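Architecture at a glance
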Amino acid sequence: MNMNTYILLQHYWWLLVALLGALLVFLLFVQGGQSLLFTIGKTEVQQKMLLNSTGRKWEFTFTTLVTFGGAFFASFPLFYSTSFGGAYWVWILILLCFVLQAVSYEYQAKKGNLLGKKTYRVFLLLNGILGPVLLGTAVGTFFNGAEFTVDKAQLAVVGNPVISAWATPWHGLEAALVVWNVCLGLAVFFLARALAILYFVNNIDDADIQTRSRKQLWTETILFLVFFLTFFVHLLLQQGFAVDPDTKQIFLQPYKYFNNFIEMPAVSAVLLIGVAGVLFGIVKTLLCRTWKKGIWFAGTGTVLTVLALLLCAGWNNTAYYPSLTNLQSSLTLENSCSSLFTLKTMSWVSILIPFVLAYIWYAWRALDLHKINAREVEESEE
């Protein structure tokens, strides 16, 4: 009975981690908006409107990123120690990007700042580009693997009880050399820009920004579809990292991720609904000049799509963090999770999640109660 409960909790916590990851990808529209600062904002007032729009939400993205890492640490600590401790250059770069974002929003409007307003806006541009690309590339390793080894026997070694070791001196940067990882990173980047445009259309009351945003949406949508479909088709056709449920041995299985979607019809349904939501939100915004609610359909669709992809990476006897150095070092839900007691205790705490989400929704609605316009920006400067 305890073993069945343990397996159930492992899958439950992977669902929660996947959901947090999906919410994080949606909230990257803040980074997408920053990357469009000089593309859509042609005047000082327009740039301030764009910054005010995304500036009201950047804390949600940062908080979700921290919560995502914390949930991984608590539920699957071996992944945390292996990836965060081994591929640390990638995670350091990601954190530096978000530090730049926080500093820029805090100090760009301060009078007499040493670096100047333009410098801080360039920092936001860098965060808007590097943040989504690096996060997407890192997530790509869930499907394409990374260079590490795990030896739990090392726990018995006095003075050096380190069980995870990275196999290259690049410590995660080598993921950028795998074209399929980069495809996912670029797909996340252009999706973030498309979502940002939908948010601007919904949130900013300015004719020039509306016109320029809808025109730019064509470019971002086409590029997103190119990179996402390239990644997704390859995912369905590639060999996957399967786990034998009896022997716990990890092996390469042809069409593993395609089979996962076939064998988990509920996950496939979530994926299809999510993709339909993203396309509906974007296409209707492009075709209907007065429609401004695309962000809600595309945003919900993004969460569902990413959720389905991450569930496909970890459920159905799949190694969610494959090792390219030693196949048997690959991480699965079973060999990398916390103890039964820890998962049980955290599950009680997770009951609070709906209340937290309700508060976020309330705060979001309160911040977006009034549309941003040029008059508001000008009055705030007086």
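Below or above, wherever it landed, is the structure these notes cover. In this text, all values refer to a predicted model and were calculated from it rather than measured experimentally. (Residues numbered from 1 in each chain as written. Predicted model: local features only at pLDDT ≥ 70, side-chain atom pairs only at ≥ 80, totals over all residues. Heavy atoms only, no water.)

The next subject is the overall build of the chain. Within the chain, the secondary structure is distributed over 16 helices and four strands. The C-alpha atoms of the chain give 22 Å as radius of gyration, which agrees with the globular expectation for 382 residues (21 Å, within 12%). By its C-alpha atoms, the chain is 65 × 45 × 40 Å across when sized along the principal axes. Counting all 382 residues of the chain, 51% fall into the buried class. (Helix = DSSP H or I, 4+ residues; strand = E, 2+ residues; numbered from the N terminus. Rg over C-alpha atoms; globule rule 2.2 N^0.38 Å. Buried < 20%, exposed > 50% of the residue type's maximum accessible area, 1.4 Å probe, protein only.)

Let us now look at helix α4 (residues 44-55). Look at α4: 16 Å from first C-alpha to last across 12 residues, which is about the 16 Å you get at 1.5 Å a residue. Of all the 12 residues making up α4, nine are buried; the element is thus mostly covered by neighbouring parts of the structure. For α4, the full list of buried residues reads Gln46, Gln47, Lys48, Met49, Leu50, Leu51, Ser53, Thr54 and Gly55. (Expected span 1.5 Å × (residues − 1).)

Within soluble globular proteins, side chains that are nonpolar generally end up buried alongside one another. Among the nonpolar cores identified, the biggest contains 108 residues, and Trp14, Phe29, Phe72, Phe76, Phe142, Tyr320 and Tyr321 are the most heavily contacted of them. Each residue touching Trp14, except ones within four places of it in the same chain, is listed here: Phe72, Phe76, Phe142, Leu310, Leu311, Gly314, Trp315, Tyr320 and Leu333. (Core = buried A, V, L, I, M, F, W, Y, C linked by side-chain atoms within 4.5 Å. Contact = heavy atoms within 4.5 Å.)

All right, on to the side chain of Ser83 then. Among the secondary structure elements, Ser83 is positioned in helix α6 (residues 77-86). Residue Ser83 is classed as buried on the basis of its relative accessible area of 3%. Not counting chain neighbours up to four residues away, the residues in contact with Ser83 comprise Tyr88, Trp91 and Tyr321.

Right, let's talk about helix α7 (residues 88-107) for a bit. Spanning 20 residues, α7 covers 28 Å between terminal C-alpha atoms, matching the ideal 28 Å at 1.5 Å per step. Among the residues of α7, those classed as buried are Val90, Trp91, Ile94, Cys97, Phe98, Gln101, Ser104 and Tyr105. Projected down its long axis, α7 carries its buried residues within an arc of 155°, all on one side. Of the surrounding secondary structure, the elements contacted by the buried residues of α7 are α2 (29-35), α4, α5 (58-75), α6 and α8 (117-144). (Arc of directions from axis to C-beta.)

A few words now on the pairing of strand β4 (residues 250-254). A regular strand carries its side chains on alternate faces of the sheet. Where strand β3 (residues 239-243) and β4 come together, five bridges link them in antiparallel fashion. Across the sheet, the residue bridging to Gln239 is Pro254, located in β4. (Pairing = 2+ DSSP bridges.)

This brings us to the pattern of salt bridges. Between side chains of opposite charge, pairing is possible as soon as their charged atoms come close. With the rule as written, the count across this model stands at four salt bridges. The closest approach of N and O atoms between Arg121 and Glu44, which form a salt bridge, is 3.0 Å. One end of the pair, Arg121, is in helix α8; the other, Glu44, is in helix α4, with 77 residues separating them in the sequence. In this structure Arg121 comes out as buried when scored by relative accessible area, which is 4%. The exposure class assigned to Glu44 is partly exposed, which follows from its relative accessible area of 35%. (Salt bridge = Lys/Arg side-chain N within 4 Å of Asp/Glu carboxyl O.)

Our focus in this paragraph is the environment of Gly41. Checked against the element boundaries, Gly41 lands in the loop between α3 (37-40) and α4. For Gly41, a relative accessible area of 2% translates into the label buried. Expressed as a C-alpha distance, the spacing of Gly41 and Leu51, which sit 10 residues apart in the sequence, is 9.5 Å. If we ignore the near neighbours within four places in the chain, the residues touching Gly41 are Leu36, Gln46, Gln47 and Leu50.

As far as function goes, none of this settles anything; it's purely spatial.
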